[in-house]
Amino acid sequence: MARTLTFHIFRYNPQDPDSTPHMQDFVLEETANMTLFIALNRLREEQDPGLMFDFCCRAGICGSCGMVVNGRPRLACQTKTKDLPETITLLPLPVFKLIGDLCVDTGTWFREMYTRTESWIHTSQPFDPAKEEARMDNAVAEAIYEMERCIECGCCIAACSTARMRPDFLGAAGLARIARFAVDPRDERTDKDYFELIGNDFGVFGCMGLLACEDVCPKNLPLQNQLGFLRRKMGITAVKQLLGR
Amino acid sequence: MAVSLVTVDRPETGQRGGRVDAVWDWVQVLSGLGLALFLALHTLLTASVLLGASVLNAVAGALEAVHLDTLAHWIVPVLFLVHFAAAARKVPFRVREQRALWAQARMLRHADTWAWIFQAASGMAVLLLGVMHMWTTINAGAIEAAASAARVQSGGWVVLYLLLAPLGQAHAVIGVYRAGVKWGFIQDACRAQAVRLGLYVLAGGLVLSLAALVRYATL
């Protein structure tokens, strides 16, 4: 027998001076294989055309539909209503700038993070478009790809207590971005160069190890292992610098 | 005028020159591990009274013979205060930060996040209670079962120990787990086992210290 779902949804439009933050209830009959993506679209089509939320690929690839579902940041398109209780609370991701209702601006945050981490391959090799790409060991390529799987949904940042308390903290997404370049043999940056970027309390030493990032990542990225790897690497680099080596 | 007197108003983007932060992070983890090791040995020493007052007196006498007690009386208070200074960098003292953390914890309902809040709060309690305990024991002279029993039986001290022992042990176990996670020695594949092991160690420590406290109260 189909369940009747009650959605408590955060509503607020910062652009509208008359709008105030509040929760609004919606009721919807559950259908087979219903995801939050489907439910929200039905609510918008059938009950409130003004309901704001983001989506694009509906396949867990674009990272647009991150939101807080019953307290946990996750992707709406990957979340099936059958795995949730009859009452579902939806909030926008914290930390990011609110556009309206469930819709946040993750782009500005990620753009700034890319600038801070200098998120491109640093090489002195001249680029020759006619030349065949340099070959890479398969294990190294897979290690890079493992971190490249990040879809920038922002769930790890929204789950991070440090990021919520301290807006300058790079968060797991930023630190994992560095970890990706640190294993890339084409990037000529040294540990000392990476230390200049993340070897401080705004970077890897700001991480308090609460592991909410690891626990909510919809792509199951190995964030815990990468954060530990970077902290050891940067900690050892600091000791070497102090010893003048 | 020296350049070091000038404070430059610029946005704190966090980049460049974090060696001081790195040193504080090393100090935090090493002082914490040192204190956890001391606490483990301290728990075993105080629990040796369960085997009899003479056993505790003999163990304490052996330690005093090689002046380990004097060494501990100097090193432990220093480690204690240094660890507080290092760990306090992460503790949210501002109301805005506290509100953000509280909202996050209530929203997320995530065990590790709550464990950290407990750790921060217990750290403050241990700082206060621990200083009181250290001040008394350092000034008490030789470690003897009779002296400890007299202290436990003298009114409010038992309340202090009933708070300090569980809070200190839980703080230490969570701290060692978190140090392992942060520095990558506890990987994702063994995190659940590490949590289980930590809970066993905590349960064992609590049983030992509470049993010892009962023994002191009835000695």
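Everything numeric in this text was worked out from a predicted model, so none of it was measured. (Residues numbered from 1 in each chain as written. Chains lettered and ligands numbered in written order. Predicted model: local features only at pLDDT ≥ 70, side-chain atom pairs only at ≥ 80, totals over all residues.)

1. A closer look at the domain arrangement of chain A
Residues and elements named next belong to chain A. Under the domain assignment, chain A is made up of domain 1 (4–104) and domain 2 (117–242). Just the C-alpha atoms count here: the centres of domain 1 and domain 2 sit 30 Å apart. With 15 residues of domain 1 at the interface, the matching set in domain 2 holds 12 residues. Every element with two or more residues in the side of domain 1 that touches domain 2 is listed here: strand E3 (66–69) and strand E4 (72–75). Residues belonging to the side of domain 1 that touches domain 2 are distributed by class as follows: nine nonpolar, four polar and two charged. (Domains from an automatic or database assignment. Contact = placed C-beta atoms within 7 Å. Helix = DSSP H or I, 4+ residues; strand = E, 2+ residues; numbered from the N terminus. Nonpolar A, V, L, I, M, F, W, Y, C, P; charged D, E, K, R; others polar.)

2. Describing the environment of Ala53 of chain B
Residues and elements named next belong to chain B. Note that Ala53 resides in helix H2 (residues 53–65). Sequence separation between Ala53 and Val82 is 29 residues; the distance between their C-alpha atoms is 34 Å. Setting aside residues up to four positions removed in sequence, Ala53 forms contacts with Ala145, Ala146 and Leu219.

3. Considering the interface of chain B and chain A
Every contact between the two is made by 33 residues of chain B and, on the other side, 37 residues of chain A. At the level of secondary structure, the elements contributing two or more residues to the side of chain B that touches chain A comprise helix H1 (19–47), helix H4 (95–108), helix H5 (111–140) and helix H7 (157–182) of chain B. Of the residues assigned to the side of chain B that touches chain A, the class counts are 11 nonpolar, nine polar and 13 charged.

4. Remarks on the sheet that holds strand E2 (residues 22–29) of chain A
All names here are of chain A. Pairing in this open sheet of five strands is mixed, and the strands run E2-E1-E5-E3-E4 from one edge to the other. The sheet is open, and its two edges are formed by E2 and E4, each paired on a single side. Each adjacent strand pair in this sheet contributes to an overall mean axis angle of 35°, direction not counted. Relative to E4, E3 runs antiparallel, the two being bridged by four bridges. The residue bridging Val68 from the neighbouring strand is Pro73, located in E4. (Pairing = 2+ DSSP bridges. Axes fitted to C-alpha atoms, helices over the stretch in contact; angles between N-to-C directions.)

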